[in-house]
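# A look at the structure
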Protein chains: 2
Amino acid sequence: MSTGYLDKTFKIKPEFEKFDQEYDIFNRSVWDEKINPKNFYLSYDITNYVPKKSEGFDHWDYALRNASWHLADYFADHQGDANRVEGFTDFFSIQLDGPKSKVKLTSAEETTIKVKRAAKMLGAGLVGVCALDDRWLYASRYDRKNKKSRPLDLPKGMKYAIVIATPMDYELAKTVPSATGGAITGVAYSTSLSSLNALAQFITNLGYQAHASMNDTGLTIPMAIEAGLGEYGRNGLLITKEFGPRIRIGKIFTDLPLMPDKPINFGVKEFCEICRKCADSCPVKAIPQGEPQSEPPNMSSFKHITKWTVNAEKCFKFWVNMNTDCAICIRVCPYNKDYTKWWNRMSLWLAGTPLRRLMLRLDDFLKFGARLKPKAWWGVR
Amino acid sequence: MSTGYLDKTFKIKPEFEKFDQEYDIFNRSVWDEKINPKNFYLSYDITNYVPKKSEGFDHWDYALRNASWHLADYFADHQGDANRVEGFTDFFSIQLDGPKSKVKLTSAEETTIKVKRAAKMLGAGLVGVCALDDRWLYASRYDRKNKKSRPLDLPKGMKYAIVIATPMDYELAKTVPSATGGAITGVAYSTSLSSLNALAQFITNLGYQAHASMNDTGLTIPMAIEAGLGEYGRNGLLITKEFGPRIRIGKIFTDLPLMPDKPINFGVKEFCEICRKCADSCPVKAIPQGEPQSEPPNMSSFKHITKWTVNAEKCFKFWVNMNTDCAICIRVCPYNKDYTKWWNRMSLWLAGTPLRRLMLRLDDFLKFGARLKPKAWWGVR
């Protein structure tokens, strides 16, 4: 069900079509000769990959980065039938059976309060609810083993998405690009899958259906915007008030009656219009300098929706050449701050006012977004 | 290898013997008619257990508590061969293979700094290292399915234990005893197993052996004391400076050369000598009021070591009657505070001085340790 908010904000045209997961850049690296992953995936397997000697890319760094993915890899590759890559092309399937009778509900409002309380307790950094808008589900899911698309297997009757965001480590994020810094992603996925599966089990235990999902089944950013978790940024990421773009997003599809949240605005669009830090800092110029466009740079992004779109081909090629993922556009973003500090909350407030240029200048002066040497992060000389 | 610290602190006698896991109260509930678990374990399975109607023990509360255990249960009951209960009677067996060649090490000091940095990044609340003292390993491990003991399967050559502590939620801990409050335990185990397995994978990735363990294989408290994480309290728990007794402990056995930490003292013994809050608050009087003793109340505890010992039979019987675990002795402990607040750090300092009685009185005055109604925690009227 569409609330119309995204249609208006991103000028979605009538000819807009669902995204097919086979065009996702990771899936394209399986079937599209143009996208050559070289040693990229291999580097996640320490039995076959010899790390480099350079700082941030040595044996210690890859040992940590790969370990950070341990739980996510375990559930992705080692569980369920071999055709599933749970959390990436398929939703999780580790829920235990529910009770004989459903819990007694009073109001959707009270249910939502309790579900959010449970979500936070089970490790969610942020949590919001939206009505499920079918357009953000993938047209089909991709089967990497057999190199073909197959129907989405999401059971019928899911009415809501509970969207959760998991923060990534602020200190380690300062070291990107580095294999060390790749651990922010792995840890956040592992934490996220733990929270998502526990929350899905909680709803199952109440007697309702719940399916935990990370990057599989549907696109998280539009759902997160509808669920009031944040706004869309120039770097193609969700920008939150609490952690800026330094998050991973997951969701749970459910038929439990809930009360949807409302989208929020705290000036991100206006700020990104005057800021080019992510675009200027991207080594391969994958982030647009200009206005939002309705035509994507290639088949790995949506058509007929007016937004800033990252060039996924250029972006992924940089990852492949480094043998680790990159998050420079997260590191340098002026919204990437530690908001437990009051002065950073001041900065957030300033970014939402006509004084936003002043905030940008202060950021430069204080050298926010500068890279930390991986050695310094490890705490050794 | 023994450093002699625990021998002196707890007056360990020459006739001291390793503890046999079959005498652990949970294992006794499998084979000893005297320990009847009734519906206790059944209540963790929502398909067969009908929650009560009372506040803190209703359908929502059990749905949350059981969901909090989801990941821990998954790895305990659903993985590996059916005879293993990983994390409880057997160490985890989900590590992937290591590299062809070991990482180059410089000094044990530098290795330890890096391992601790990795541990924190992978989610550990506290981390310390001790030389492995064989006495704290179980004499044998218990096979619940076949109702018999079997040899400990820890591979030879493990020289150190890396001990990690995972904090439990402060707010929810206020609601114990309640099924809701039982979620502090489940969440901490699930988080803990995630950190432990990732850290064991990190060390494996470096080319060394590492086995992640929670309550299985050996006793964590003596190892945690040796590793400098805290002191022993009247309630039979490890008391830490950072979270008081509000933690769960796990460890990794490894042959990676490390530098052990030293035990710490911040006045816990002296404080527990004048404080009786845990003993006074225990509904079944399972916690001793008097001096440390060398004879245990029953076969579920060590002999020939002089310490405060909880009566595990009385304690577990209370859990069975409630159909959830209890943590009143954690909730009421004056060390159970939120130490991110400076005034609570003041209180911690005071407890370590001759003014400790004043701290106790202040605590009473400020009503620390009072129970919060589960309804209030859920945030509904």
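Here the structure is a predicted model, which is why all the values come from computation and not from measurement.

Turning to the overall build of chain A, a few remarks are in order. Assigned secondary structure in chain A consists of 15 helices and eight strands. The C-alpha atoms of chain A give 20 Å as radius of gyration, which agrees with the globular expectation for 381 residues (21 Å, within 12%). By principal-axis analysis of the C-alpha atoms, chain A measures approximately 60 × 55 × 45 Å. A buried classification covers 61% of the 381 residues belonging to chain A. By sequence separation, contacts in chain A at least 24 residues apart represent 76% of the contacts at least 6 residues apart. With an accessible surface of roughly 15700 Å², chain A has 55% of that area assigned to carbon and sulfur atoms. Averaging the positions of the 54 positive and the 42 negative side-chain charges in chain A gives two centres separated by 5 Å.

Turning next to the sheet that holds strand S5 (residues 210–213) of chain B. All names here are of chain B. Spatial strand order, S1-S4-S8-S5: four strands in an open sheet with antiparallel pairing. Each having just a single partner strand, strand S1 (126–131) and S5 make up the two edges of the open sheet. For this sheet, the mean angle separating the axes of adjacent strands, direction not counted, is 20°. Sheet topology places S5 next to strand S8 (residues 247–254); four bridges connect them, and they run antiparallel. The partner of His-211 across the bridge, within S8, is Phe-253. Where helix H5 (residues 108–121) meets the sheet, it contacts S1 and strand S4 (160–167), and its direction lies at approximately 140° from that of S1.

As a further point, take the sheet that holds strand S8 (residues 247–254) of chain A. Residues and elements named next belong to chain A. Spatially, four strands are ordered S1-S4-S8-S5 in an open sheet, and the strand pairing comes out antiparallel. Each edge of the sheet is formed by a strand with only one pairing partner; in this case those strands are strand S1 (126–131) and strand S5 (210–213). Across this sheet, the average inter-strand angle for adjacent strands is 20°, counted without regard to direction. Helix H5 (residues 108–121) contacts S1 and strand S4 (160–167) of the sheet and is inclined by roughly 140° relative to S1.

Turning next to the packing of helix H7 (residues 183–206) of chain A against helix H3 (residues 59–68) of chain B. Across the interface, H7 of chain A lies against H3 of chain B with an axial gap of 8 Å and an inter-helix angle of 145°. Of the two elements, H7 of chain A crosses H3 of chain B, and the hand of that crossing is right-handed. Facing Ala-198, Gln-201, Phe-202, Asn-205 and Leu-206 of chain A of H7 of chain A, the residues of H3 of chain B in contact are His-59, Trp-60, Ala-63, Leu-64, Asn-66 and Ala-67 of chain B. Here the residues of the contact of H7 of chain A with H3 of chain B are counted per class, giving seven nonpolar, four polar and no charged.

Next up on the list: a nonpolar patch on the surface. All names here are of chain A. There is a patch of nonpolar side chains on the surface, built from Leu-355, Leu-358, Leu-362, Phe-365 and Leu-366 and spanning about 520 Å² of accessible area. Topologically, Leu-362 is positioned in helix H14 (residues 356–365). For Leu-362, a relative accessible area of 40% puts it in the partly exposed group.

Superposition record for chain B on chain A: RMSD 0.0 Å, screw rotation 180°, translation along axis 0.0 Å. In short, the pair behaves as if placed about a two-fold rotation axis. Interface residue correspondence from chain B to chain A reaches 100%, placing this contact among same-surface, isologous pairings.

Below, the discussion takes up the packing of aromatic side chains. Any two aromatic rings considered together are summarised by their centre-to-centre distance and by the angle between their planes. In this structure the tally under the stated criterion is 59 aromatic pairs over all chains. Consider the rings of Phe-40 of chain A and Trp-319 of chain A, whose centres lie 6.0 Å apart with planes at 40°: the pair is tilted. Of this pair, Phe-40 of chain A sits in the loop between helix H2 (25–31) and helix H3 (59–68) while Trp-319 of chain A sits in helix H11 (residues 312–322), and the two are 279 residues apart along the sequence. Of the two residues, Phe-40 of chain A and Trp-319 of chain A, both sit in the buried class. Centroid distance Tyr-41 of chain B to Phe-316 of chain B: 6.4 Å. Interplanar angle 35°. Geometry classified as tilted. Placement of Tyr-41 of chain B in the loop between helix H2 (25–31) and H3 and of Phe-316 of chain B in helix H11 (residues 312–322) is noted, with a sequence separation of 275 residues between them. Overall, Tyr-41 of chain B belongs to the partly exposed group, its relative accessible area being 37%. Through a chain of ring-to-ring contacts, three or more aromatic side chains come together here, namely Phe-26, Phe-40, Tyr-41, Tyr-44, Trp-69, Phe-88, Tyr-189, Phe-316 and Trp-319 of chain A. The aromatic ring of Trp-378 of chain B is capped on one face by Lys-114 of chain A, whose charged end is 5.8 Å from the ring centroid.

The next thing to look at is the interface of chain B and chain A. Facing the 52 residues of chain B at the interface are 52 residues of chain A. Together, the buried faces of chain B and chain A total about 4800 Å²; carbon and sulfur atoms form 71% of this surface. If you sort the residues of chain B by the area they bury against chain A, Trp-60, His-70 and Met-121 of chain B come out on top, with a joint share of 17%. Where chain B meets chain A, there are zero salt bridges. Across the contact surface, chain B and chain A share 10 residue pairs in polar contact (both at pLDDT 80 or more). Sorting the residues of the side of chain B that touches chain A by element identifies H3, helix H4 (70–77), H5, helix H7 (183–206) and helix H15 (374–378) of chain B as the ones contributing at least two each. Of the residues belonging to the side of chain B that touches chain A, the class tally is 27 nonpolar, 17 polar and eight charged.

Let us look at the confidence of the model for chain A. Counting all residues, the mean pLDDT for chain A is 96, and 99% of those residues have values of 70 or more. As scored by the predictor, the complex reaches a pTM of 0.98 and an ipTM of 0.97.

Right, let's get into the environment of Lys-34 of chain B. Residue and element names in this part refer to chain B. Here Lys-34 is to be found in the loop between H2 and H3. Owing to a relative accessible area of 59%, Lys-34 belongs among the exposed residues under this scheme. In the structure, Lys-34 is positioned 279 residues away from Glu-313 in sequence and 9.0 Å away in space, judged by C-alpha atoms. Sequence-distant contacts of Lys-34, that is, excluding residues within four places in its chain, are made with Arg-28 and Glu-313. Of note is the side chain of Lys-34, whose polar atom sits 2.9 Å from the side chain of Glu-313.

With that settled, consider the nonpolar core. Residues Phe-75, Ile-162 and Phe-202 of chain A together with Phe-75, Ile-162 and Phe-202 of chain B are the most contacted members of the largest nonpolar core, which totals 136 residues. Excluding residues that lie within four positions of it along the chain, Ile-162 of chain B makes contacts with Val-115, Val-127, Gly-128, Val-129, Leu-199, Ile-203, Gly-250, Lys-251, Ile-252, Thr-254 and Leu-258 of chain B.

Residues and elements named next belong to chain A. Structurally, Arg-65 is set in helix H3. The side chain of Arg-65 sits in the buried core without any salt bridge; Asp-325 is the nearest counter-charge, 5.3 Å away. At a separation of 3.0 Å, a polar atom in the side chain of Arg-65 contacts the side chain of Asn-66. Not counting the four nearest positions on each side in its chain, Arg-65 is found in contact with Ser-43, Tyr-44, Ala-179, Gly-182, Ala-183, Asn-323 and Thr-324.

Here we take up helix H13 (residues 342–351) of chain A. Residues and elements named next belong to chain A. Taken as a whole, H13 has its buried residues at Asn-344, Ser-347, Leu-348, Leu-350 and Ala-351. Take H13 and look down its axis: the buried residues cluster within an arc of 160°, on one side only. Away from the buried face of H13 by more than 90 degrees, exposed residues Trp-342 and Trp-349 are located. Here the buried face of H13 lies against helix H9 (268–274) and H14.

What follows concerns the pattern of salt bridges. Residues and elements named next belong to chain A. Within the structure shown, the criterion is met by 36 salt bridges over all chains. Its salt-bridge partner being Arg-28, residue Glu-313 comes within 2.8 Å of it at the nearest N-O pair. Residue Glu-313 is found in helix H11, and its partner Arg-28 is found in helix H2; the two are separated by 285 residues along the sequence. Arg-28 matches Glu-313 in its accessibility class, with the two residues each being buried. Measuring nitrogen to oxygen at the nearest pair gives 2.6 Å for the salt bridge that ties Asp-364 to Lys-277. Of the two residues, Asp-364 is situated in helix H14 and Lys-277 in helix H10 (residues 277–281); the sequence distance between them amounts to 87 residues.

Cut-offs applied
- The residue count restarts for each chain, going from 1 along the sequence in the order it is written.
- The lettering of chains begins at A and the numbering of ligands begins at 1, in the order of writing.
- Thresholds applied to this predicted model are a pLDDT of at least 70 for local features of residues and 80 or more for the giving and counting of side-chain atom pairs; totals over whole chains, interfaces and linings are not thresholded and use all residues.
- Side-chain calculation: all heavy atoms of the structure are included, whereas hydrogens and water are not.
- Helix numbers and strand numbers start at the N terminus; a helix is a DSSP run of H or I with at least 4 residues, a strand a run of E with at least 2.
- As a reference, a globule follows 2.2 Å times the number of residues to the power 0.38, and the radius of gyration itself is taken over C-alpha atoms.
- Exposure is judged per residue with a 1.4 Å probe applied to protein chains only, and the accessible area is read against the type maximum: over 50% gives exposed, under 20% gives buried, and values in between give partly exposed.
- Residue contacts follow a heavy-atom distance rule, with two residues in contact if any of their heavy atoms lie within 4.5 Å.
- Only the protein chains shown count as cover for residues, and the accessible areas themselves come from Shrake-Rupley with a 1.4 Å probe.
- In summary, the charge assignment counts Lys and Arg as positive and Asp and Glu as negative, without counting His or the chain termini.
- Where a charge sits is defined by one atom per residue type, namely NZ (Lys), CZ (Arg), CG (Asp) or CD (Glu).
- Pairing between strands is defined by DSSP: at least two bridges between them are needed.
- As a rule, the C-alpha atoms of each element are fitted with a line to give its axis, helices using only the stretch in contact, and angles between N-to-C directions run from 0 to 180 degrees.
- Two helices crossing with the near one rotated counterclockwise from the far one by less than a right angle form a left-handed crossing, whereas a clockwise rotation gives a right-handed crossing.
- For this classification, the nonpolar set comprises Ala, Val, Leu, Ile, Met, Phe, Trp, Tyr, Cys and Pro, the charged set comprises Asp, Glu, Lys and Arg, and every other residue, Gly included, is treated as polar.
- Candidates for patches are residues over 30% relative accessible area with no salt bridge; among them, like charges are joined within 9 Å and nonpolar side chains (Val, Leu, Ile, Met, Phe, Trp, Tyr) within 5 Å.
- For this document, the term salt bridge refers to a Lys or Arg side-chain nitrogen within 4 Å of an Asp or Glu carboxyl oxygen.
- Least-squares superposition of the copies uses the C-alpha atoms of those residues scoring a pLDDT of at least 70 in each of them.
- Two rings from Phe, Tyr or Trp (for Trp, the six-membered ring) form a pair when their centres sit within 6.5 Å of each other. Planes less than 30 degrees apart are called stacked, planes more than 60 degrees apart edge-to-face, and all others tilted.
- The criterion for a charge sitting over a ring is simple: Lys NZ or Arg CZ within 6 Å of the ring centre, and within 35 degrees of the ring normal.
- We define buried area as the total accessible area lost by two parts upon association, computed with a 1.4 Å probe and summed across both.
- Between N or O atoms, a polar contact is any pair within 3.5 Å; within protein, one atom must be a potential hydrogen donor and the other a potential acceptor, and residues adjacent in sequence are included only when both atoms are from side chains.
- Confidence of the predictor at the level of single residues is given by pLDDT, which spans 0 to 100.
- Put simply, buried Ala, Val, Leu, Ile, Met, Phe, Trp, Tyr and Cys residues joined by side-chain atoms within 4.5 Å make one nonpolar core.
- It is the directions from the helix axis to the C-beta atoms whose arc is reported.

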